[in-house]
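Descriptive analysis of the structure
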Amino acid sequence: MLQQLEIEGGIMHSGVWLRLMTLTALTVLMAAQSPAVFTLMVPHGQILTALNSSVSLACELSPLFNAEPLEVRWYRSGDFDKPALLYEDHKIQEAPVDPRYRGRVSLTGGLERGNVSVTLERVTLEDMGEYVCHVSNAQWYEKASVFLTVKVQGGTPVVSVAEARGGGGQVNVTCSSEGWSPYPTLTWRNKEGREIRNGREVLNTPDPQGLVSVSSWLLYSPSDSDWLSCTVSLSEEEKKKETGDQPHVYRNRNTQQHLSIDKR
C-alpha cells in the first residue's frame, strides 16, 4: 500500500510539475510573440443602448496578444487625464478616475486574450458621446474611438391645424414631438394607410441633454379624407415590434378633421 501511494504521489507530483512547465512555456511564448507595433479594432457606427442598461464598449488588439503588461485607458474625448477606467501596473487604478464612472466601468473582454473591452453599467443620458480606447507600452501606443448613443423614446406627438395661406380649401397640418434619441422618423399616412410623402420636415438641434425634436408640416385637403395620422418612431423595425398601443385621437373642431396621433 505504501509503495502504491508513493507511486501515485510521484504521478501526482509529475502531473503538477508538467502543468507548471506548460503554463510557463505558454507565458514565455506569448511574451516572445508580443509585437513591437499593434493596432486596435473597434466596432463601426454607433453603439445603441437603453437608459439604465449595461453596454459593452468593444476594443481588441491586432494582432491578438496578452495585454496584461500594457496600460489600458478608456476616456471621453478630450478627457485623457480624467479617464473612465485606467489599468496599469497589472491592476485597475482608483485614481485619477472621472467620478461619474466610478463603480460603473469594468474590464470584461479578457486581457490575456488581447481583448480590452469594457462594460458600462447603469447608463445615463450623460454617458452619450465618444469614448477613446487607448492602449500603450514603453515603445508604442494606439487609440481608437467608439460612439455611444442612448435610446430614448420621446413624447406623444402633437398635431395642430391652421388655415393655409391663400385658402383653396387646404389646411396646414403640423406634427411635432420632443425628447428623442437618436433622431426619429416621422411618417404621415392617410386613412388607407398609404404614406404621404409631401410633408416638409423641420430639423431641430439637440438640447443640452443630447435629445432631439422632430417636426413636420404638410398642406392637406379635408375633402380628400377626414382622417390623417402622424407616426414618430426610432425605426421601422421597432415600430413593427410595438403592439397593443391605441392611437391618441385629436379632433379639430374648425375643420372637423379626425387626426390619429400614433406614438410608438
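These lines cover the structure that appears in this document, whether it is placed above or below. (Residues numbered from 1 in each chain as written. Predicted model: local features only at pLDDT ≥ 70, side-chain atom pairs only at ≥ 80, totals over all residues. Heavy atoms only, no water.)

A few words on the packing of aromatic side chains. Each aromatic ring pair is specified by the distance between its two centres and by the angle formed by the two planes. Considering all chains together, one arrives at 3 aromatic pairs under this definition. Their ring planes at 75° and their centres at 5.2 Å tell us that Y75 and F80 sit as a pair that is edge-to-face. Among the residues examined, Y75 registers a relative accessible area of 6% and is labelled buried. Judged by centre distance (6.1 Å) and plane angle (85°), the rings of Y101 and Y131 are edge-to-face. With Y101 in the loop between β7 (91-92) and β8 (105-107) and Y131 in strand β10 (residues 129-136), this residue pair connects regions lying 30 residues apart in the sequence. There is no split in this pair, since Y101 and Y131 are both buried. We note R73 situated over the ring of F80; from NZ or CZ to the ring centre the distance is 4.2 Å. The side chain of R76 reaches across the aromatic face of Y131, ending 4.7 Å from its centre. (Phe/Tyr/Trp six-rings, centres within 6.5 Å; stacked < 30°, edge-to-face > 60°. Buried < 20%, exposed > 50% of the residue type's maximum accessible area, 1.4 Å probe, protein only. Helix = DSSP H or I, 4+ residues; strand = E, 2+ residues; numbered from the N terminus. Lys NZ or Arg CZ within 6 Å of the ring centre and 35° of its normal.)

Here we take up the state of the cysteines. A complete count under the given rule lists 2 disulfides for this structure. Between the sulfur atoms of C59 and its disulfide mate C133 the distance is 2.2 Å. On the S-S bond that ties C59 to C133, the torsion sits near -85°, and the link is left-handed. Of this pair, C59 sits in the loop between β3 (55-57) and β4 (60-62) while C133 sits in strand β10, and the two are 74 residues apart along the sequence. For the pair C59 and C133, a shared accessibility class is recorded, and that class is buried. Covalent S-S linkage joins C175 and C230, the inter-sulfur distance amounting to 1.9 Å. Given an S-S torsion of about -75°, the disulfide between C175 and C230 has left-handed geometry. Of the two residues, C175 is situated in strand β13 (residues 171-180) and C230 in strand β18 (residues 227-233); the sequence distance between them amounts to 55 residues. Assigned by exposure class, C175 and C230 land together as buried. (Disulfide = S-S within 2.5 Å.)

Let's shift gears to the pattern of salt bridges. Summed over all chains, the structure comprises 7 salt bridges. The partner of R73 in a salt bridge is E71, with the nearest N and O atoms 3.4 Å apart. For the pair R73 and E71, one class covers both residues: buried. (Salt bridge = Lys/Arg side-chain N within 4 Å of Asp/Glu carboxyl O.)

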